[in-house]
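Close look at the chain arrangement
One letter stands for each residue in the lines below.
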Amino acid sequence: MSLSNAQYDIIIREYNAKQIKNQHIVDTRVKEVYGKDERLKAIDDAISSCSLAQARKLLNGDVTALVNLRSQLMDYKQQRLNILKELGYSEQYLEPVYECPDCKDTGYINNERCHCFKQRAIDLVYTQSNIRSILKDENFENFTYEYYSKTDCNPATGMTSYETMQNAVQECKKFLNEFDTSFSNLFFYGDTGVGKTFLSNCVAKELLDTSHSVIYFTAFQLFDILSKNTFSKAADDDIIAAHQNIFDCDLLIIDDLGTELPNSFTASQLFLCLNERILRKRSTIISTNLTINQVAELYSERTFSRISSRYVMLKLFGDDIRIQKKLRNN
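Let me begin by describing the structure that accompanies this report. (Residues numbered from 1 in each chain as written. Predicted model: local features only at pLDDT ≥ 70, side-chain atom pairs only at ≥ 80, totals over all residues. Heavy atoms only, no water.)

1. Regarding the overall build of the protein
- Across its full length, the protein carries 12 helices and 9 strands.
- Taking 2.2 N^0.38 as the reference for a compact globule, 330 residues should give roughly 20 Å; the C-alpha atoms of the protein span a radius of gyration of 28 Å, well beyond that estimate.
- The principal-axis extent of the C-alpha atoms belonging to the protein is close to 85 × 50 × 35 Å.
- Residues classed as buried in the protein amount to 40% of the 330 residues present.
- Accessible surface for the protein amounts to roughly 18500 Å². Of this, 50% is attributable to carbon and sulfur atoms.
- Separation between the mean location of the 39 positive side-chain charges and that of the 44 negative ones in the protein comes to 3 Å. (Helix = DSSP H or I, 4+ residues; strand = E, 2+ residues; numbered from the N terminus. Rg over C-alpha atoms; globule rule 2.2 N^0.38 Å. Buried < 20%, exposed > 50% of the residue type's maximum accessible area, 1.4 Å probe, protein only. Areas by Shrake-Rupley, 256 points an atom, 1.4 Å probe, with all protein chains shown as cover. Lys, Arg positive; Asp, Glu negative; His and termini not counted. Charge placed at Lys NZ, Arg CZ, Asp CG, Glu CD.)

Shown next as structure tokens:
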């Protein structure tokens, strides 16, 4: 996931702070147990002296030095553990403390970014867009069918609003279950307030929780970044990084397509964005209040062809949930 220099520096400073904090925890524990039993300090000093002495022997050609060192260290460590147990401490009490034992709080494993680094990069981007606070409420755990009618029927499909949403949720869960093995995209369309954005956020939450990179933009935000990257002579690092992420993130969510001011630029940029992500096999979710015909008219038949052939098209319908909630509250 692309980061601006400023964002990268923020994360590296956080890792440095973790290392300092956790080393302080270990130092405090060592001081604590030394104060309770002087034998522990003597053993630790002996381990250091032994290691240095055997290292010198090894450098001087003593082939038995390494075997002797291992034997002595095992003996000293066992003595150490026995004393800790006598004092009522766990065997791991003086071991290094890590928030991420995989990378030991460095952020890297074999020069590759650790999963914790990738997740922190995602969190940083999402903190800046406030999406994390939204996902605390808008997720599958809080999803309910109570606002979808079991009697109102769509003549085109013969399915009720309730059944339509059940089908959409099943498609979302299939999308999630197959995300790492099968390339797919989702296109939610329908009237205002029928749950399109909520479903998108449900999917986002599940993928973020499994360390996938997910970027959410309203259509206005997306085209604003594409415009600044295209026309600005000196785009700042955040804009450049955001532009790269549009094409590279595991999932791009474009919410409320059509609420921006559609024109030839937005039409061409949308095609470029969707086509490039299809070529890279990077999944996209689009939600819109537009009809299928309006999408084709505003963004060209070529763009609509990409959507209709490479996206699972899900039309949602029903009464505006926001209005239903207000009426119930009143």
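2. Topic: the sheet that holds strand S6 (residues 214-218)
- Pairing in this open sheet of 5 strands is parallel, and the strands run S6-S7-S8-S5-S9 from one edge to the other. Sheet topology places S6 and strand S9 (312-316) at the edges, where each strand pairs with a single neighbour. Between one strand and the next, the sheet's axes are offset by a mean angle of 15°, whatever the strand orientation.
- Where strand S5 (residues 186-190) lies against strand S8 (residues 283-288), 4 bridges are found, and the strand directions are parallel. Residue Phe188 lies in a different strand from S8, and its bridge partner there is Ser287. (Pairing = 2+ DSSP bridges. Axes fitted to C-alpha atoms, helices over the stretch in contact; angles between N-to-C directions.)

3. As for the nonpolar core
- Counting 31 residues, the largest nonpolar core has Met165, Phe175, Leu199, Val203, Leu207, Leu251 and Ile285 as its most contacted members.
- If you list the elements that add at least two residues to this core, you get helix H5 (131-135), helix H6 (161-177), S5, helix H7 (196-209), S6, strand S7 (251-257) and S9.
- With residues up to four places along the chain from it excluded, the contact list for Leu207 reads Phe175, Leu176, Phe179, His212, Val214 and Leu251.
- Grouped together as the second largest cluster of nonpolar side chains are 30 residues, Tyr189, Ile225, Leu290 and Tyr299 included. (Core = buried A, V, L, I, M, F, W, Y, C linked by side-chain atoms within 4.5 Å. Contact = heavy atoms within 4.5 Å.)

4. Structural notes on the packing of helix H8 (residues 219-231) against helix H10 (residues 264-279)
- With their axes 11 Å apart at the nearest point, H8 and H10 run at an angle of 95° to one another. Here H8 is positioned roughly perpendicular relative to H10, judged by the angle of their axes. Of H10, the residues touching H8 (which contributes Phe223, Leu226, Ser227, Thr230 and Phe231) are Phe265, Thr266, Gln269 and Leu270.
- Residue composition of the contact of H8 with H10, grouped by class: 5 nonpolar, 4 polar and no charged. (Parallel < 35°, antiparallel > 145°, perpendicular 65-115°, else oblique. Nonpolar A, V, L, I, M, F, W, Y, C, P; charged D, E, K, R; others polar.)

5. What to know about unusual backbone geometry
- In this model, Lys104 sits at a positive phi of 55°, which is unusual for a non-glycine residue.
- Inspection of the secondary structure puts Lys104 in the loop between helix H3 (65-87) and strand S1 (108-109).
- According to the relative accessible area criterion, Lys104 is partly exposed, its value standing at 46%.
- Even without being a glycine, Asp256 presents a positive backbone phi close to 60°.

6. Some thoughts on the pattern of salt bridges
- If you walk through the whole model with that rule in mind, you get 14 salt bridges.
- Taking the shortest distance from any N to any O, the salt bridge between Lys21 and Glu99 comes out at 3.0 Å. Of this pair, Lys21 sits in helix H1 (residues 5-36) while Glu99 sits in the loop between H3 and S1, and the two are 78 residues apart along the sequence.
- Look at Glu99 and you get partly exposed, because its relative accessible area is 46%. (Salt bridge = Lys/Arg side-chain N within 4 Å of Asp/Glu carboxyl O.)

7. A look at the packing of aromatic side chains
- Evaluated as defined, the whole model comprises 9 aromatic pairs.
- Taking 5.3 Å as the distance between ring centres and 55° as the angle between the ring planes, the aromatic pair formed by Tyr145 and Tyr162 counts as tilted. Of the two residues, Tyr145 is situated in the loop between H5 and strand S3 (153-154) and Tyr162 in helix H6; the sequence distance between them amounts to 17 residues.
- In textbook terms, an aromatic cluster arises when at least three aromatic residues are bridged by ring pairs, as seen for Tyr8, Tyr15, Tyr108 and Phe117.
- Sitting above the plane of the Tyr15 ring, Lys18 keeps its charged end 4.6 Å from the centroid. (Phe/Tyr/Trp six-rings, centres within 6.5 Å; stacked < 30°, edge-to-face > 60°. Lys NZ or Arg CZ within 6 Å of the ring centre and 35° of its normal.)

8. Comments concerning helix H2 (residues 38-59)
- Taking 1.5 Å as the rise per residue, H2 with 22 residues should run 32 Å; its terminal C-alpha atoms sit 32 Å apart, in good agreement.
- Listed as buried for H2 are Leu40, Ile43, Asp44, Ile47, Cys50 and Gln54. Along the long axis of H2, the arc covered by the buried residues comes to 125°, so they all point the same way. Across from the buried face of H2, at angles greater than 90 degrees, the exposed residues are Glu38, Arg56 and Leu59.
- Directly beyond the C-terminal end of H2, a positive phi value near 100° is found at Gly61. (Expected span 1.5 Å × (residues − 1). Arc of directions from axis to C-beta.)

9. Examining the environment of Cys103
- Assignment of secondary structure puts Cys103 in the loop between H3 and S1.
- Non-local contacts of Cys103, meaning those with residues more than four positions away in its chain, are made with Tyr108, Ile109, Cys114 and Cys116.

So yeah, pure geometry; function would need other evidence.
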